[in-house]
Structure formats: C-alpha cells, structure tokens
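Topology and contacts: notes
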Amino acid sequence: MKGATPPAWMREQERSHLGVLRFMVWLSLTLGRPFGRLVLRGIALYFVLFSPKARRHGEAYLARALNRKPTWMDGYRHVMSFASTVHDRVYLLNDRFDLFDIEFVGQEAVHEALQRQSGALLLGAHMGSFEVLRAMAHTHAHAPVAMMMYEDNARKINAILNAINPAAHQDVVALGRPDSMLKARDRLDAGCLVGLLADRSLANDSTAECRFMGEPARFPMGPWRMAAMLRRPVFFMAGLYLGGNRYRLHFELIADFSTVERADRETAIAQAMQQYADRLGEFCRQTPYNWFNFFDFWQRT
C-alpha cells in the first residue's frame, strides 16, 4: 500500500542554507538583536526577489487579508515579519525575554481552566511566533508548556536552534509518530499546557472543510479528535508579532471537550473547527502580515 501523498506545504523544498543560518545565529548572539535585524532586512529582500512561487501564494493570501491587491511592499513586510519571528527564536530559546515587550491577553481564562482539571490544549496556527509561548511559562509559573511540532520539514534550522539551547528541546513532543498522543496525554495529566498548530495537515491526517476568509478551506481534524478523546478544554492561541520587539500573546477558549459525550463528539468537533477558522480569519485581517503559509492553502490552482 502506497503512502498518502504529502500535503502541499510538506512538498515545498526548504530554502534555508545551513551556512547562512549558522552565520546569523553567531551574528545575533555576538553583536546583538539590533545588528542582526539589519542583516535580516537583506535576507528578506533576497527571498522576496528570488522566491516567485512563495511570493505568488503570499500575495493570494494578502489579497484576502487586506481586501485589496497587495503591493510589492506588502509582500516584503510579510516576509520580513516571518524572518523577524524566526530570528527572535534565537533569543526566545535562550530565555532572553528581557529583550521583548510581551503583552498577555486572556491568560486568566487559561489559569481558571487549569484550576478545574489538569492540562489544557492551546491550538495555534503558523501565525506570529509559537516560541513566544515560552514566555508564559517563564512569567506565569502556574503551568509548564509542552509543544507538539512537526520537526522534519525544517531539520536544518531546528538543529541549529536546538544547539543554541538543548534544554528547550525537552519540552517538544514530535507530531506524526505512533506515541504522539500518549505523550501529549502524559503531559496533560502532569498539568502541562500542550500547544500545537492546527492550520496544516500531515500526510495521513483526515481533514474537514471550513469556511475561512470567505472561501472553503480544509483543516486537519487530528488536533480536535485528540482534544475530544483526551476530554480537555481548547484555547485558540496566537503569539502575534507587532513590529520591533513587541508581541501579543492571545488566548481564547473556543471549545471544552471535558463534558462532551462520545455520541456528540463529531458535532462538537465540527463546531469547534469552524470557530477556530473564524478566529484565525479575524486575526489574519487584524494583523495580516502574521500568517506564514507561503503555499496554495486554498488549493485553488
């Protein structure tokens, strides 16, 4: 039996160059974030000029988010926002939260949910910075954070960033493995917040169609089935990049499967997925340069 065809984002070839990544890490840690960001502007310009396919897909998204035809500068700002969040991983993985102005919105609701039962799921998207979530565990010590990630698509950059701070890798649960859900359950039972991105599917994921930014799009069902099986509350999470050194970490309860009976799971999952798609679309329009899916997300071509 042949394996399932990987989704579009997994078929995109990684463009990062190992030597350039090592140089940027060294430069950033040696000369500091301001100087590193100067170099970053040139790297962002390079990708805008020499990645026509990614630029085309980015423009298709920006046209929806901006409700107008995007300009060349819109495309550059989009890529620069992405590059900035990747660059900031160097510092966030080193627990240099003092370099950033991070605003927390909705963390009280997360704290209340943890008072009722152990663990909660944080479902985010490829929006802003997922690593800024580490700041919550650092600033609000009521719960450790574990992150579920598909690591194989960016092996080069993950290897470098893990070398920066090996301890940061200990709170990562790999997606797409037979024991992924069991490890997530163990973290939840231990009182952790478990975060994962729910806007991309893996090769074997079942998907469901949701209305997203005015058009139908398919989202993975796996995260929601896991939430239903583990009977946990689910928060929409977004670590929005606001420019400079500013981030806003936003939490919003969108589903609570702790009281959902087995017979009602499919209906509850469908409702939660659409609410997730609605909230993601609203944040895309509020902060349009924060969503980083540079491929044909709507599968229109």
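Here the focus is the pattern of salt bridges. In this structure the tally under the stated criterion is eleven salt bridges. With a closest N to O distance of 2.9 Å, Arg96 and Asp98 form a salt bridge. On the basis of relative accessibility, which here comes to 36%, the residue Arg96 falls in the partly exposed class. The class of Asp98 is exposed, set by a relative accessible area of 57%. Lys183 is the salt-bridge partner of Asp179, the closest N and O atoms lying 3.5 Å from each other. According to the relative accessible area criterion, Asp179 is partly exposed, its value standing at 30%.

In any sheet, the strands associate via hydrogen bonds between backbone groups, in a parallel or an antiparallel arrangement. Ordered by their spatial adjacency, seven strands build an open sheet running β1-β9-β8-β2-β5-β3-β4, and the pairing between neighbours is mixed. The open sheet terminates on both sides in strands that have one partner only, identified here as β1 (101-105) and β4 (172-174). Neighbour-to-neighbour, the strand axes of this sheet turn through a mean angle of 25°, independent of strand direction. Relative to strand β5 (residues 193-197), strand β3 (residues 145-149) is paired through four bridges, and the arrangement is parallel.

Per the stated rule, a full pass over the model turns up 21 aromatic pairs. If you follow Arg64 out to its NZ or CZ, it ends over the ring of Trp298, 3.8 Å from the centre.

With nine of nine residues buried, strand β8 (residues 233-241) lies mostly within the body of the structure. Every second residue of β8 is oriented toward a common face, with Pro233, Phe235, Met237, Gly239 and Tyr241 on one face and Val234, Phe236, Ala238 and Leu240 on the other, all of them buried. For strand β2 (residues 120-124) and β8, the ladder comprises three bridges, and the chain directions are parallel. Looking at the pairing, Leu121 lines up with Val234 of β8. As judged from the nine bridges shared by β8 and strand β9 (residues 246-256), these two strands associate in the antiparallel manner. Within β9, the position partnered with Pro233 by the bridge is Asp256. The turn joining β8 and β9, which pair antiparallel and follow one another in sequence, is formed by four residues; a positive phi near 95° is taken by Gly243.

Cut-offs applied
Residues numbered from 1 in each chain as written. Predicted model: local features only at pLDDT ≥ 70, side-chain atom pairs only at ≥ 80, totals over all residues. Heavy atoms only, no water. Salt bridge = Lys/Arg side-chain N within 4 Å of Asp/Glu carboxyl O. Buried < 20%, exposed > 50% of the residue type's maximum accessible area, 1.4 Å probe, protein only. Pairing = 2+ DSSP bridges. Helix = DSSP H or I, 4+ residues; strand = E, 2+ residues; numbered from the N terminus. Axes fitted to C-alpha atoms, helices over the stretch in contact; angles between N-to-C directions. Phe/Tyr/Trp six-rings, centres within 6.5 Å; stacked < 30°, edge-to-face > 60°. Lys NZ or Arg CZ within 6 Å of the ring centre and 35° of its normal.

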